[in-house]
Amino acid sequence: MAQHVKVMGVVGAGQMGSGIAQLAAAAQLQVFMVDVNETALTRGLNAVTSSFSRFVKKGSISQEQMDKSLALIKTTTSLEHLEPVDFVVEAVAEDESLKRRIFAQLDKIVKPSAVLASNTSSISITRLANSTGRPNQVIGMHFMNPPPIMKLVEVVRGMATEDSVFETTKALAERFGKTVSCSKDYPGFIVNRILMPMINEAFYAVMEGVGTADDIDNGMKLGTNHPMGPLALADFIGLDTCLSIMRVLYQGLGDTKYRPCPLLVQYVDAGWLGKKTGRGVYQHP
Ligand code: CAA
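Along each chain, residues carry numbers from 1 onward, in the same order as the chain's sequence is written. Given that this is a predicted model, residues contribute local features only at a pLDDT of at least 70 and side-chain atom pairs are listed and counted only at 80 or more, while totals for whole chains, interfaces and linings are drawn from all residues. Note that water and hydrogens are dropped before the side-chain values are worked out from all heavy atoms of the structure.

## Describing the confidence of the model for the protein chain
Moving on, step 1. Confidence along the protein chain averages 97 in pLDDT terms, with 100% of residues attaining 70 or more.
Moving on, step 2. The ipTM value of the predicted complex is 0.95, and its pTM value is 0.95. Confidence scores here are pLDDT values: one per residue, from the predictor, ranging 0 to 100.

Shown next as structure tokens:
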């Protein structure tokens, strides 16, 4: 049976973690948002405030609702403060050893009935679950960027995930106003299995001189009605994230069609990671 979640923890206050905390607060859950330092937490809270303000500006929520929701978010640099949560979503960088460490710590801190979810975009839920003593309560809850706007949540069941944990996660995503796609625990799940090869192919097209970045993006944006071209989308997601997902696909599925494009690797080597560093395929002043 699905558990009714009242208190939620979010680990990581970056673009995904802060967006998830915002959704939880908008659904009137008490939220604890954790990150390693105050600077990251302040940046995360500022992102939540500015996103809520956009909804207030266009009249979809009132200023009073925004203030009430913001007051539900508590920030902390200590995972220990997650002791009272019913459900926690880990949303740190796509680094498996870091995630495994966090899951092992959370397992010791949060109450036995709590669900441990990961927002990972491609790492095996079964392996993450194996770093805890409660693999039956571990699940993937993958939000799309930007979480407050995108309508989908991918829910990924690991080998041991219990039905009740799936039901709780699905019900929670629906409380956030999202539609759920259920994926098997397989490299890249559903969305990134299909999206990332398209982005990778766009880099190959630039590298081989098929067209300029603008030609390629306009081709896909205007020619296939995508809201953004694949290169602009890569900048938006982060080129490091795109590359790490391509590596997971290549290693996990073993087919050379998933080989990361050398040009994408070079951008990442140069530190040109997209919107978050001010430069990627495009300049972001
Ligand atoms: N918070 C609140 N509102 C926001 C927002 C945010 N963070 N971001 C955008 N909006 C709102 C704007 O206020 C605007 O609202 P109105 O139309 O009502 O005025 C609307 O969304 C559109 O925003 P903009 O006009 O600023 O810009 P846009 O039209 O280019 O839309 C976008 C921005 C929503 C990001 C759109 O370009 C888009 O949908 N892009 C594709 C995003 C996508 O594919 N995301 C998934 C990536 S894959 C992923 O996340 C998985 C993974 O693991 C990598």
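Let's pick the thread back up.
## Quick look at the pattern of salt bridges
Moving on, step 1. By convention in these notes, a salt bridge is any Lys or Arg side-chain nitrogen within 4 Å of a carboxyl oxygen on Asp or Glu. This model, assessed by the stated rule, comprises 8 salt bridges.
Moving on, step 2. When the shortest N-O distance is used, the salt bridge between Lys-99 and Glu-94 registers 3.2 Å.
Moving on, step 3. Throughout, exposure labels follow a simple rule: accessible area from a 1.4 Å probe, protein chains only, divided by the maximum for the residue type, with under 20% read as buried, over 50% as exposed, and the rest as partly exposed. For Lys-99, a relative accessible area of 0% corresponds to the buried category.
Moving on, step 4. Residue Glu-94 is classed as partly exposed on the basis of its relative accessible area, which comes to 23%.
Moving on, step 5. With its nearest N and O atoms 2.7 Å apart, the salt bridge here joins Asp-107 to Arg-134. With Asp-107 in helix H4 (residues 96-109) and Arg-134 in the loop between helix H5 (125-129) and strand S6 (138-143), this pair connects stretches of sequence that are 27 residues apart.
Moving on, step 6. We classify Arg-134 as buried; its relative accessible area is 6%.
Moving on, step 7. Salt bridges here are not isolated pairs; linked through shared partners, they connect Glu-90, Glu-94 and Lys-99. Under the scheme used here, helices are H or I runs from DSSP no shorter than 4 residues and strands are E runs no shorter than 2 residues, and both carry numbers assigned from the N terminus.

## Some thoughts on the UniProt feature "binding site: CoA" (unreviewed entry) in the protein chain
Moving on, step 1. UniProt positions are given in the numbering used here, feature names are shortened, and annotations may be inferred rather than shown by experiment. In the numbering used here, UniProt assigns the "binding site: CoA" (unreviewed entry) feature to Ser-51, Lys-58 and Ser-121. The greatest C-alpha distance among the residues just named is 30.6 Å, and with 71 residues of sequence between them they are spread in space as well.
Moving on, step 2. Position of Ser-51 among the secondary structure elements: in helix H2 (residues 38-57).
Moving on, step 3. By definition, residues are in contact when any of their heavy atoms lie within 4.5 Å. When neighbours within four sequence positions are excluded, Ser-51 is seen to be in contact with Gln-22 and Pro-148.
Moving on, step 4. Note that Lys-58 resides in the loop between H2 and helix H3 (63-70).
Moving on, step 5. The exposure class of Lys-58 is exposed, given its relative accessible area of 59%.

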